[in-house]
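Tertiary structure, described
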Amino acid sequence: IIGYRLDVDPAPILFISASQRLAESVSTGRVMPMLRSTPALYSKLDKSRSRLKVTEKFISGQRLGFAWAGSAIELSSHPAQTVLLDELDRMELDVAGEGDPVSLSEARTATYVDGRVVICSSPTIEGASPIWNLYAGGTMNRWTWPCPECHEYFAPELSLLWWPDKASPAQAKRAARLICPHCGAQIEDKHRGAMNSAGKYQATGDPDSDCASFWVSGLASPWKSWGEAAKAVIEAERSREPGKIKAVRNTILGELYKFEGDAPLAEEVKSLRSGYRSDELPAGVLALTAGCDVQKASIYYVIRGWGEGATSWLIRHEQLFGDTDQ
């Protein structure tokens with residue numbers, strides 16, 4: 001995006017990363033090699049020392065700036081026709097008390113009729129992923145591809161990745177297949193290239209949204225096989241470490257991670273009910289505790305009875321009304 005824009009239709013660009021180290025790494029390790037190896041860009045690069053810096057370069061007379069989520073001055077100063085945010089879910093949500101990175105980025109493009117903000121990120125935790133919230137509020141284009149057997153289109157995802165039961169990571173790597181949700185065919189990884197070539201985005205969200213949003217599964221990536229993905233999933237799940245499982249879900253598969261607790265099913269809890277009235281102390285109660293939640297105009301309180309093994313009974317719950325500051 002940076003190279004094409006600065007060569008074909010030059011305009012100011014601002015690239016924003018999650019940290020200063022990452023922003024500088026992109027500038028020196030990715031952008032500069034691109035500029036040097038592309039004659040059309042290198043000939044337009046201002047090579048004077050004052051205008052060729054790690055965080056600032058000028059190509060075709062236009063500024064290319066590099067910033068990070070914590071740099072409030074950079075995010076609230078230079079205008080840009082295109083702002084690129086990389087890894088939104090790893091950024092600070094409030095930049096020095098001045099607002100979130102997305103709002104600050106949109107403000108940078110306000111002076112351009114065709115200004116736009118491009119936001120990229122792997123998702124993180126279900127219910128707390130900024131990029132997924134933006135995606136869900138947009139057009140929700142999902143990358144789909146045709147099954148080589150029935151030719152119906154579907155979006156690849158972890159739930160469709162198959163390996164033999166009780167397979168070791170090495171065995172899963174060799175045997176992994178993708179299951180077509182339409183015909184049930186077991187698709188081998190060798191078909192992935194052809195499936196990607198025939199792939200297309202299908203909108204599943206609001207077609208009138210002013211946010212064009214896209215999601216593509218890591219299973220479509222040409223850099224990691226389905227077998228390698230299956231091996232990573234098994235190894236992470238066997239470790240029982242939430243951090244490893246989350247990393248595989250987010251970075252390898254591009255999917256949300258959902259925290260799962262060990263709470264019993266509602267039916268199991270319901271089966272433990274016993275017949276006693278409010279204010280009665282069932283047999284087994286050894287101690288009583290009261291918990292209070294103080295509001296402006298009332299106090300909610302709960303009294304519980306406690307027995308062996310942290311067993312507890314609800315004895316009374318009530319709301320007391322009145323000005324609590326009195």
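So, here is what we can say about the structure in this document. Along every chain, residues carry numbers that run from 1 in the direction the sequence is written. Local features in a predicted model are, by the rule used here, given only for residues with pLDDT of at least 70; side-chain atom pairs are given and counted only at 80 or more, and totals for whole chains, interfaces and linings are based on all residues. Values reported for side chains reflect all heavy atoms of the structure, with hydrogen atoms and water molecules removed beforehand.

Turning next to the state of the cysteines. To count as a disulfide, a pair of cysteine sulfur atoms needs to be within 2.5 Å. Evaluated as defined, the whole model comprises zero disulfides. Cysteine 147 carries a free sulfur, and the closest cysteine sulfur to it, the one in cysteine 180, is 3.7 Å from it. Type-normalised accessible area, obtained with a 1.4 Å probe on protein chains alone, sets the label of each residue: buried when under 20%, exposed when over 50%, and partly exposed for intermediate values. The buried category is assigned to cysteine 147, whose relative accessible area is 0%. Here cysteine 150 stays unpaired: no disulfide links it, and the sulfur of cysteine 183, its closest cysteine neighbor, is 3.7 Å away. Exposure remark for cysteine 150: the relative accessible area of 25% places this residue in the partly exposed category.

Only DSSP runs of H or I covering at least 4 residues are called helices, and only runs of E covering at least 2 are called strands; the numbering of each starts at the N terminus. In this fold, lysine 57 is placed in strand β2 (residues 56-59). As used throughout, the charge tally considers Lys and Arg to be positive and Asp and Glu to be negative, leaving His and the chain termini uncounted. When a carboxyl oxygen of Asp or Glu lies within 4 Å of a side-chain nitrogen of Lys or Arg, that pair is called a salt bridge. As a buried residue without a salt bridge, lysine 57 has its nearest oppositely charged side chain in glutamate 56, at a separation of 9.7 Å. Nitrogen and oxygen atoms within 3.5 Å of one another constitute a polar contact, given that in protein one can donate a hydrogen and the other can accept it, and given that sequence-neighbouring residues count only through two side-chain atoms. At 3.2 Å, the side chain of lysine 57 forms a polar contact with the side chain of serine 27.

Before going further, it helps to examine the pairing of strand β1 (residues 13-17). Burial of β1 is extensive: five of the five residues sit out of reach of the surface. Because side chains alternate across β1, one face comprises the buried residues Ile13, Phe15 and Ser17, and the other comprises Leu14 and Ile16, equally buried. Strand pairing is assigned whenever DSSP identifies at least 2 bridges connecting the two strands. As judged from the five bridges shared by β1 and strand β3 (residues 62-68), these two strands associate in the parallel manner. What sits directly across from isoleucine 16, in β3, is alanine 67. Where β1 lies against strand β4 (residues 82-86), four bridges are found, and the strand directions are parallel. Along β4, the bridge assignment pairs phenylalanine 15 with leucine 84.

The strand order across the open sheet formed by three strands is β8-β9-β10, and the pairing between neighbours is antiparallel. Pairing within the sheet leaves two strands with one partner each, and these edge strands are β8 (161-162) and β10 (186-187). For β8 and strand β9 (residues 177-179), the ladder comprises two bridges, and the chain directions are antiparallel. For tryptophan 162, the partnering residue across the bridge sits in β9 and is arginine 177.

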